[in-house]
Amino acid sequence: MPNGPYVGLWARLENFRHDDLTALLESRDVVHATMLRCTQHLASGEDFRWLWPTVAPAVRKALTDAYYATQIEGMDLDELARVSRQLLTGKTLTRRDLGQLLTDRFPGRAPGRLAEAIELLEALVHPPPHSTWGRWGHRRGTPVTLADEWLGRPLTDAPQPEAMVLRYLAAFGPASVMDIQAWSGSTRLRKVVEGLRPKLRAFRDEQGGELLDLPDAPLGEPDRPAPVRFLPAFDNAVLGYRDRTRVISEENRRRIAPRASGGVPLFLVDGFAEGSWTLTNGHLHIAPFRPLSGSEKAAVRDEAARLLAFVAPDNTEPSFTLE
């Protein structure tokens, strides 16, 4: 969903404009690719160079899932990767075209499944305009190209799990080792964390579990109110922990679970997910999980008006409904 990251940045940054991200994507300073949790994200080009080698082992494990395994059974994956790089060298292809070319070399396989498998084997990126502002649903004809060619420099040779852990804590700490693993999709990070322990500080949560953070990271004031924020589907503020009750109650998580695979945009009240929202033809529909107080409703309406000015700036009569 190309528009999601734009909303995520808008919710976090003052005076953020669409062109601020689009320019970074077009200049190749930011890339859109499969990485964390074997799902698609944005990352700076420099970060992707070390992040992909770090998460690649976990990403490639997805090839054992039945969805892929039935189509790649008996194949030499090194040969599949080599042929794919050969086909993509110097060019950008859609997944469909890449899949068709692969079935010419490996007949009897599903082209779409082969093309998707390549994104788990090789570092590929989805170049603009696929990843730029303009569509709320998934775009068809996903383009893929070799990451090292797109960036103009090779990816790092060695994984950097320590850098990944420190960057995670800078954004999401205090957090547990299990939180880091859930966010990254990687396992066996406890040894990495233990090696970093002299550089970290530890806390205990309400249940006595250990939470780790950077030594100079600021801590939120527990009684300080948090403003209403509208988040896009699949936002890492919600998915960044194993214990998601830090952001959304278990009751509300179960409420949205039946449609979570398609992505559920949420809004926060005082730092917790208290409802979902959808945008259709410039109309914003807001569905709280519980009755909101008068002051909460006013704050949600104010933020909804700001959101509409960002997501539908050309609408002469933007509107929203608050249940």
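The structure presented is a predicted model; accordingly, all values stated were derived computationally and were not measured.

Undergrad: Explain the overall build of the chain residue by residue, including any values.
TA: Each helix and strand counted, the chain has 14 helices and 12 strands in total. Taken over the C-alpha trace, the chain has a radius of gyration of 21 Å; the compact-globule value for 323 residues is 20 Å, and the two agree within 12%. Taking the principal axes of its C-alpha atoms as reference, the chain extends roughly 65 × 55 × 35 Å.

Undergrad: Lay out the sheet that holds strand β4 (residues 124-125) in plain terms, naming residues and giving numbers.
TA: If you walk across this open sheet you meet the 3 strands as β3-β5-β4, and the pairing is antiparallel. If you trace the sheet from one side to the other, it starts and ends with β3 (93-94) and β4, each paired once. Two strands pair when backbone bridges link them, and β3 and strand β5 (residues 143-146) are joined in this way by 2 bridges, in the antiparallel orientation. Note that in β5 the partner of Leu93 across the bridge is Val144.

Undergrad: Summarise the pairing of β5; cite the residues concerned and give the values.
TA: A two-sided burial pattern is seen for β5, the buried positions comprising Pro143 and Thr145 on one face and Val144 and Leu146 on the other. Here β4 runs beside β5; their pairing, made up of 2 bridges, is antiparallel. If you follow Val125 over to β5, its bridge partner there is Thr145.

Undergrad: Hey, could you go over the pattern of salt bridges for me, with residue numbers and the actual values?
TA: Counted by the stated rule, this structure contains 19 salt bridges. One salt bridge in this structure joins Glu119 and Arg95, with 2.6 Å as the shortest N-O distance. A residue pair is termed long-range when its members are at least 10 positions apart, and Glu119 in helix α7 (residues 111-121) and Arg95 in helix α6 (residues 95-105) qualify at 24 residues. Two residues, Arg229 and Glu303, come together in a salt bridge whose shortest N-O distance is 3.6 Å. Placement of Arg229 in strand β8 (residues 229-231) and of Glu303 in helix α14 (residues 294-311) is noted, with a sequence separation of 74 residues between them. Arg229 sits in the partly exposed class, given a relative accessible area of 26%.

Undergrad: I'd like a rundown of unusual backbone geometry, residues and numbers included.
TA: At the junction of Pro128 and Pro129, the peptide bond is cis and its omega measures out at 10° in the coordinates. Following the sequence through the fold, Pro129 ends up in the loop between β4 and β5. Along the chain, Gly173 connects to Pro174 via a cis peptide bond; the corresponding omega equals 0°. Position of Pro174 relative to the elements: it lies in the loop between α9 (161-172) and α10 (177-184).

Parameters and conventions
- Residues numbered from 1 in each chain as written.
- Predicted model: local features only at pLDDT ≥ 70, side-chain atom pairs only at ≥ 80, totals over all residues.
- Heavy atoms only, no water.
- Helix = DSSP H or I, 4+ residues; strand = E, 2+ residues; numbered from the N terminus.
- Rg over C-alpha atoms; globule rule 2.2 N^0.38 Å.
- Pairing = 2+ DSSP bridges.
- Buried < 20%, exposed > 50% of the residue type's maximum accessible area, 1.4 Å probe, protein only.
- Salt bridge = Lys/Arg side-chain N within 4 Å of Asp/Glu carboxyl O.

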